[in-house]
Amino acid sequence: MISNLWSRKDVGPKSAESRSVSAAPVAAALGVALLLALTAAVSWGSTFIPHGDVWGVVGRRLSGENARLGTYDLVVWQLRVPRAVLAALVGAGLGLVGTAVQALVRNPLADPYLLGISSGASLGAVAAIVLGVGAGGALGLGLSSAAFVGALATFAVVWAVARRGGNFGPLRLVLAGVAIGQFLSGFTSYLVLQSGDVQQTHSVLFWLMGSLSGASWPLLAAPAVAVPVALLWLQARARGLNALLMGDETAAGLGVDVVRLRRELFTLTSLLTGILVAVSGAIAFVALMVPHVCRMVVGGDHRRLLPVSALLGALLLVVVDIVCRTAMDAQELPVGVVTSLIGAPALLYLLDRRSGDGS
Amino acid sequence: MKVDIENLHVAYAGRTVVSGVGLLAAEGEITGLIGPNGSGKSTLLRTVYRHLQPTAGRVLLSGTDIRELSPARAARYVAALPQERGGDFELSVREVVAMGRTPHKRGFAGDDATDRDIVARALAEVGMAQHTGRRFSALSGGERQRVLLARALAQDPEVLVLDEPTNHLDIRHQVDLLALLRVQRRTTLVSLHDLNAAASVCDRLHVLHHGMLVASGRPREVLTPALLAEVFGVRAAVVDHPLTGDPLIAFDHRLPVEAMQGTGTALEV
C-alpha cells in the first residue's frame, strides 16, 4: 500500500546508469595482463630475451636449482626481474595510495603527488642522504623513514592550510598541495645540487620525476611488505572508506569511528608514499588516474575498487617502464616523464568532465 | 527502544549550542523537534547519532549511555539521516543503500543473501526499487533523499534520527516520506521546519529556542499562537484541519508580530 505512494515514475536521464560491472572478471583480466606485461618487461631491453628463456630462468631460480647455468641468468634475474617487480609493486602501491587519499580528503582530484605529499617525501629522503642518515647499511630503511616523516609533515601542513578559514573546497586543497609541493621540490633540487656528490640514481631527476632505474633485490624488500599489508589493511576497512565518501556525519551514523579512521588513513598514506618515494622517487599522476579509471569500470565501492586499483596501477607502471627503457636507443627516460605525458592530459579531461556535471 | 536525553549540553566550534535539554523519545512514537534556524535542533540530533560529543548530560538508549557502546553497536540501534549530500564517487544507488549494512559487518565480511534482501526491501519501501543501478550523484534531490532514507532503513535500526528529511522535496514527496515514517512505527526523532507537517505526523513535539527547550507536549498543546509569536516571531491562528482534524497553523504573512502589538519596532531576527 505504501509502496504505491511512490509508484510514480521519476523520469531520470538514462545516461546516469552506473556502469559498474562485476569485479572478479576485471581483476582476472588485469591479473593475466600483468603477467604478460611482466614477461614482456623482462624480455625486452637492449637485448631481446625469448619469453621461454625468461620463464626458464625464473623457474630455475624459484625451484632452488643451482641457477647460474643459463646464459641469461644475470640479465634476467639480477637486472630485469627486480626492475619489473619493482614497477609492479610501486604501481600497485600508487593505485592504493591514490584511492585511500581520495577517500580521506573526499576529493576525487587528490593524489599524493598533487597534494605535495610525494614532494615532502622526496625532500625527507634527500635531506637524510645529505645529512648522511640514509646512506648507511640499513638498506633504505633510514631513507624510507625520512621520506615518511617528510610525507607526514607535508600532508599535515597542506591539510592545515586548506582548512584555514573553515571552508575546505576540493580545489583549495589541491592548490595548497601544488604550491607547497613546488616549494619543497625547489628545496630538494637545491639540496641535491649543492651536495656535490650526485650519484646517478639519486639525481634531481630521480627525486622529482621518479625512476625505477635503481631496482635491485634488496630494494624490493620494503615495498614487497608494505604494499600487500596496505592492501589488506585498506580492504578490511573498505566499508568505512565507502561511508567516508558520503560525509563525516553519515559515517558517524553508520558506526564508523571517523576520527580514528582518518588518523589511521593519514598515517598509512604517508607511510606508503614514503616507502614508494624512497625506492622510486616522486612519480606523477599514476595515483590520480588509476582509481578514476577503475571507478568508471567497477564503480565506487572500495571493496572492489581497492584490489582493481592495485592491479591496474601495477600493470600501468610495468608497461610505462617498458616504454621508458626502449623508447630511446642510448639512454632511458625517467618513468615520471611518461606518466606526466599521459597523466596531465587525463587530469585536464577529468577537470573538464567534472565542471560539465555542474556539481 | 526509547531514547532518553538528559540535561544535554553541547558545544560546537567553541560555542554552546545546546544547553540543558532533556526530552524523551518514546518507543514507537514520532518525536518532533521544532525551532527557528540555529536553535540547536541539528546539534542535538548529531549528538544522538554520535557525530558530536556532549559537554555534559547523557543520551540513553533504553537506559544505556550511548557513549558506553562501541560506534558500530550504537549504529545497529540508531540510524541517521543527516543533511549531507556526499561527493561524486561513481557510487550506484544500490551501493549507497548497502552502506546501511556497515555496522552489522566486520572486516572482510561480504554482503550475504540476508543483506541483499534487506537492501532490496529498503529500496522497495522508498519506491526506488527500479533505480538500483543508477549513479547516486545523478539523482534528483528528492530521489537522493529517498535513497538515503533507504540506507537508514537498511541499517535495520530501532531508532531513526532524521535531520530535516523533507528539505528539498516537493510536496508530494514530503507527504510520502512522512507517511513512510508513520507506517514504520520505529522510535523516530525528527527535526522539521514545516510546522504543519510536524503537527500532523508527530506524536510529541519539543520546541528549541537558543539551544534551550522551551515547550514539550502533544502538538495541540505546544503549537499555540503565544508560543509561535514568542519563539518564531510570527502571528498565526491555530485551527482544526478541515480534512484531518489535526492542528493547522494559519500564518499571517503580512505583518510581524511586534507591529501588530503596537510596539512599532521592526522584528529583529
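Computed from a predicted model, the values in this text were never measured in an experiment.

Another point: the overall build of chain B. Across its full length, chain B holds ten helices and twelve strands. Taken along its principal axes, the extent of the C-alpha atoms in chain B is 65 × 40 × 35 Å. Within chain B, the proportion of its 269 residues that are buried is 46%.

What chain A contains, in helices and strands, is 15 helices and zero strands. Expressed as a percentage of the 359 residues in chain A, the buried residues total 50%. Look at the contacts in chain A between residues 6 or more apart in sequence, and 75% of them connect residues 24 or more apart.

Here we come to helix α13 (residues 286-298) of chain A. All names here are of chain A. Taking 1.5 Å per residue as the helical rise, α13 with its 13 residues ought to reach 18 Å, and the 18 Å between its terminal C-alpha atoms agrees with that figure. The buried fraction of α13 is high, at ten of 13 residues. For α13, every residue scored as buried is listed here: V286, A287, L288, M289, V290, P291, H292, C294, R295 and V298. Where α13 ends, the next residue or the one after it, G299, has phi of about 90°, a positive value.

Moving on to the domain arrangement of chain B. Interface size, as often reported, equals the accessible area lost upon joining of the parts. Residues and elements named next belong to chain B. Each domain of chain B was delimited in the assignment, giving domain 1 (3-223) and domain 2 (224-269). Just the C-alpha atoms count here: the centres of domain 1 and domain 2 sit 29 Å apart. Each partner contributes to the interface: domain 1 provides 14 residues, whereas domain 2 provides eleven residues. Among the secondary structure elements, those contributing two or more residues to the side of domain 1 that touches domain 2 are α7 (195-201), β9 (204-209), β10 (212-217) and α8 (219-222). With four residues, α7 is the single largest residue contributor to the side of domain 1 that touches domain 2.

Our focus in this paragraph is the interface of chain A and chain B. Contact residues are listed per partner, giving 38 residues for chain A and 42 residues for chain B. The set of elements that each furnish at least two residues to the side of chain A that touches chain B consists of α1 (2-5), α9 (217-236), α10 (238-246), α11 (248-253) and α13 of chain A. Broken down by class, the residue content of the side of chain A that touches chain B amounts to 14 nonpolar, 14 polar and ten charged.

Turning our eyes to something else, we now look at the nonpolar core. If you look at the biggest cluster of nonpolar residues, it comprises 187 residues, and the most contacted ones within it are A88, A125 and V318 of chain A together with V97 of chain B. When residues of this core are assigned to their parent elements, the largest contribution, 18 residues, is made by helix α4 (residues 73-104) of chain A. Each of domain 1 (3-223) and domain 2 (224-269) of chain B contributes no fewer than three residues to this core.

Residue and element names in this part refer to chain B. Taking strand neighbours across the sheet as the criterion, the six strands line up as β6-β7-β8-β3-β9-β10 in an open arrangement whose pairing is mixed. The outermost strands of the open sheet, each flanked by one partner alone, are β6 (78-81) and β10. The sheet shows a mean angle of 15° between the axes of neighbouring strands, taken without regard to direction. Lying on the sheet, helix α1 (residues 41-48) is in contact with β3 (30-34), β6, β7 (159-163), β8 (187-191) and β9; it crosses β8 at an angle near 150°.

Residues and elements named next belong to chain A. Put simply, helix α2 (residues 23-43) and helix α14 (residues 302-326) touch, their axes get as near as 9 Å, and they point 20° apart. Comparing their axes, α14 and α2 come out roughly parallel. The handedness of the crossing between α2 and α14 is left-handed. Contact with α2, carried on its side by A23, V26, A27, L30, G31, A33, L34, A37, L38, A40 and A41, involves R304, P307, V308, L311, L312, A314, L315, V318, V319, D321 and I322 of α14 and no other residues of that element. Within the contact of α2 with α14, the residues separate by chemical class into 19 nonpolar, one polar and two charged.

Right, let's talk about the sheet that holds strand β5 (residues 64-65) of chain B for a bit. Residue and element names in this part refer to chain B. Taken in spatial order, the four strands of this open sheet run β2-β1-β4-β5, and their pairing is antiparallel. Each end of this open sheet is capped by a strand with a single partner; those strands are β2 (15-25) and β5. Contacting β1 (3-12), β2 and β4 (56-61), α1 crosses the sheet at an angle of about 115° to β1.

Time to look at the environment of D111 of chain B. Residue and element names in this part refer to chain B. Relative to the helices and strands, D111 resides in the loop between α3 (93-98) and α4 (113-125). Residue class for D111 comes out partly exposed when judged on the 17 C-beta atoms lying within 10 Å of it. On a C-alpha basis, the gap between D111 and D203 in space is 36 Å, while along the polypeptide they are 92 residues apart. Here D111 is in contact with A98, R101 and R116, once residues within four sequence places are set aside.

On to the environment of I118 of chain B. Residue and element names in this part refer to chain B. Mapping I118 onto the fold places it in helix α4. C-alpha of I118 to C-alpha of A150: the two residues are 32 residues apart in sequence and 9.8 Å apart in space. When sequence neighbours within four positions are dropped, the list of residues in contact with I118 reads A154 and D156.

Next up on the list: the pairing of β6 of chain B. All names here are of chain B. Neither face of β6 is open: one carries V78 and A80, the other A79 and L81, and all of them are buried. With four bridges joining them, β6 and β7 adopt parallel strand pairing. Across the sheet, A79 pairs through a bridge with L160, a residue of β7.

Residues and elements named next belong to chain B. Burial analysis of β8 places five of its five residues in the buried class, the great majority of the element. Where burial is concerned, the two faces of β8 agree: the one with T187, L189 and S191 and the one with T188 and V190 are both buried. In this structure, β3 lies alongside β8, joined through four bridges in parallel fashion. If you follow T31 over to β8, its bridge partner there is L189. Crossover β7 to β8 through helix α6 (residues 171-184) is right-handed.

Thresholds, definitions, all that
Throughout this description, residue numbers start from 1 for each chain and increase along the sequence as written. Here the convention is simple: chains get letters from A, ligands get numbers from 1, in the order in which they are written. It should be noted that, the model being predicted, local features are given only for residues of pLDDT at least 70 and side-chain atom pairs only at 80 or more, the latter also being counted only at that level, while totals for whole chains, interfaces and linings use all residues. Helical segments are the DSSP runs of H or I of at least four residues, strand segments are the runs of E of at least two, and each set is numbered from the N terminus. Residues with at least 20 other C-beta atoms within 10 Å of their own are called buried, those with 12 or fewer are called exposed, and the rest are partly exposed. The C-beta atoms themselves are positioned from the backbone. Two residues qualify as a contact pair if the distance between their C-beta atoms, derived from the backbone, is within 7 Å. Here a helix's expected span is defined as the number of its residues, less one, multiplied by 1.5 Å. Domain delimitation in this document rests on an assignment produced automatically or drawn from a domain database. Amino acid classes used here: Ala, Val, Leu, Ile, Met, Phe, Trp, Tyr, Cys and Pro are nonpolar; Asp, Glu, Lys and Arg are charged; the rest, including Gly, are polar. Structurally, a nonpolar core is described as a collection of buried Ala, Val, Leu, Ile, Met, Phe, Trp, Tyr and Cys residues joined by way of C-beta atoms within 7 Å. Whether two strands pair depends on DSSP finding at least two bridges between them. Only C-alpha atoms enter the line fits that serve as axes; for helices the fit covers just the stretch in contact. Angles between N-to-C directions range over 0 to 180 degrees. An angle counts as roughly parallel when it lies under 35 degrees, as roughly antiparallel when it exceeds 145, as roughly perpendicular when it falls between 65 and 115, and as oblique in every other case. Handedness of a crossing follows from how the near helix is turned relative to the far one, being left-handed for an anticlockwise turn of less than a right angle and right-handed for a clockwise one. When the strands point away from the viewer and the connection leading from the first strand across the helix to the second strand turns clockwise, the crossover is called right-handed.

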